[in-house]
Amino acid sequence: MTGIRGTAHDLAEFRAEVRGWCREHVPADWRRAQTGVPEEEFVAFQKEWFQELRRAGFAVPHWPREWGGGMPVAEQIVLHQELAAHDAPRLVLAFVAIHHAAATLLAAGTDEQRRRHLPAILDGEIWAQGFSEPGAGSDLAALSTTARRQGGGYVVNGQKVWASGAAHADWCLLLARTDPGAPKRRGISYFLLDMTTPGIDVRPIRQATGESHFCEIFLDDVVIPRTCLVGRENDGWRVAQETLGAERGMTMLELAERLGNAGFRWLLETCARPGPAGARPVDDALVADRLAGFETELTALRALCRDLVERHDAGTSGPADASVVKLFYSELLQRMTGFGAEIAGPAAHAELRKPLSSGWESGAWALDFIGSWEWTIPGGTSEIQRTIIGERGLGLPREPRGGR
């Protein structure tokens, strides 16, 4: 749909194209239509929306050109800004596939693995991530799932948890220990796991919001061919950094834009709605002050995300920059949704359903607030992010270990 643009005039032209496309293609009233639907209808909607974006060249703009992407960073920023401004559905099911799986395959996969999976992802192949375990969450290197070499492959036993979308996944990014005697980070290997393989049991976890987005994965003598090993045996920790790196930069910019558009819009509408006595919360000076504060923070977050993306593209980003953005976004999300639940009152706590394709901002404030805690825990808790910022970003002495 587009060529490479560099000037401000070119970007303005591209923005106008994306706006026109959004007006024609973003499904009208999709939030209401997708609230409370059965899982199979949600999956079908997600796959259909992904293909709509793909036809326009908007599904994987961050991929290399030869695999269907190649959009310059400046255009990607405009694209995410406009999709957020027009409240387009979020690619919830495809997220791991187009970001984590693709980043892993492009950085460390074989040519055969890329040829097999990247086109399949574009056709709708769904991926999950099998990293965390009941005893290895923030300390991922402590994982205990084992992969024992046997014949032309590996036999895997263990358990994974908090695997987003695993109930619908075709494939899984899997970390397993191949050398139990090696130091924690040196004995881990990285695999591509076909979820139809015998011995896999996926169990959805019902969350406080009523959703079952997270799952447990139990692996009982699951055989993985050697061709599904990514990188070298026992080098999985290094490969995993490519996967985790996909959570930074543009994905955070997309989330920040959505929070600053739909999220803040829902908050303003909630505060402008008359209460039982006819008074509007926004007419209260304290409420107006909180809204002004949120708007200021959102402006700063969006600018920070854009700066991170541009410096990452230029190769000048710092070692703790992504942690700053993750910490800022997750805690602002939590404060905003908590304030929304407080202002909305008892009615918000009686809301039991939200559109699954909305991500973390839907206007169902109590559910959004409960869901917001997801962001301050996984991917490195807020405490871990502060440690990274202090030690790697500010050069502070390492935190004492062992109680000293």
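See the structure above.
Keep in mind that what you see is a predicted model, and the values were worked out from it rather than measured. (Residues numbered from 1 in each chain as written. Predicted model: local features only at pLDDT ≥ 70, side-chain atom pairs only at ≥ 80, totals over all residues. Heavy atoms only, no water.)

A. View of the packing of aromatic side chains. Per the counting criterion, the structure on display carries 10 aromatic pairs. The interplanar angle of 65° and the centroid separation of 4.9 Å between the aromatic rings of Tyr154 and Phe191 together place this pair among those described as edge-to-face. With Tyr154 in strand β3 (residues 153-160) and Phe191 in strand β5 (residues 188-194), this pair connects stretches of sequence that are 37 residues apart. Each of the two residues, Tyr154 as well as Phe191, counts as buried. Taken together, a centroid distance of 5.6 Å and an interplanar angle of 55° make the contact between Phe294 and Phe339 tilted. Taken as a pair, Phe294 in helix α9 (residues 285-314) and Phe339 in helix α10 (residues 321-344) lie far apart in primary sequence, 45 residues in all. Overall, Phe294 belongs to the buried group, its relative accessible area being 2%. (Phe/Tyr/Trp six-rings, centres within 6.5 Å; stacked < 30°, edge-to-face > 60°. Helix = DSSP H or I, 4+ residues; strand = E, 2+ residues; numbered from the N terminus. Buried < 20%, exposed > 50% of the residue type's maximum accessible area, 1.4 Å probe, protein only.)

B. Geometry of the environment of Glu112. Along the chain, Glu112 turns up in helix α6 (residues 111-122). Classification of Glu112 as exposed rests on a relative accessible area of 52%. Once the C-alpha coordinates of Glu112 and Thr227 are considered, the two residues, 115 residues apart in sequence, prove to be 8.9 Å apart.

C. View of empty space enclosed by the protein. Per the stated rule, a full pass over the model turns up 2 cavities of 30 Å³ or more. In this structure, the largest cavity encloses a volume near 180 Å³. Along the wall of the largest cavity there are 17 residues; nearest its centre are Ala59, His80, Leu91, Ile98 and Glu254. Elements with a minimum of two residues in the lining of the largest cavity: α3 (39-56), α4 (73-85), α5 (95-108) and α8 (250-271). (1 Å grid on protein atoms, 1.4 Å probe; cavity = no way out; pocket = protein on both sides within 12 Å on 5 of 7 lines; lining within 4 Å. Points joined across faces, edges and corners; volume = space filled by probe spheres on them.)

D. Quick peek at the packing of α10 against helix α13 (residues 382-393). It is at 9 Å that the axes of α10 and α13 come closest, and there the two elements cross at 145°. The handedness of the crossing between α10 and α13 is left-handed. Note on element contacts: α13 touches α10 through Ser382, Gln385, Arg386, Ile388 and Ile389, opposite Ser323, Val324, Lys326, Leu327, Ser330 and Glu331. Looking at the contact of α10 with α13, its residues break down into 4 nonpolar, 4 polar and 3 charged. (Axes fitted to C-alpha atoms, helices over the stretch in contact; angles between N-to-C directions. Left-handed = near helix turned anticlockwise from the far one by under 90°. Contact = heavy atoms within 4.5 Å. Nonpolar A, V, L, I, M, F, W, Y, C, P; charged D, E, K, R; others polar.)

E. View of the layout of surface pockets. Roughly 500 Å³ of volume is contained in the second largest pocket. Forming the walls of the second largest pocket are 23 residues, and the residues nearest its centre are Thr270, Arg273, Ala344, Gly363 and Trp365. For the lining of the second largest pocket, the elements supplying multiple residues, two or more each, are α8, α10 and α11 (346-349). With 3 residues, the top contributor of residues to the lining of the second largest pocket is α8.

F. Structural context of the side chain of Thr104. Among the secondary structure elements, Thr104 is positioned in helix α5. Residue contacts for Thr104: discarding those within four places in its chain leaves Gly109, Leu173, Tyr190, Val230, Val239 and Thr243.

G. Representation of unusual backbone geometry within the structure. Despite not being glycine, Trp162 shows a phi value in the positive range, around 60°. Here Trp162 shows up in the loop between β3 and β4 (171-177). In this model, Asp221 sits at a positive phi of 50°, which is unusual for a non-glycine residue. Looking at the element boundaries, Asp221 is found in strand β7 (residues 215-225). On the accessibility criterion, Asp221 (48% relative accessible area) is partly exposed.

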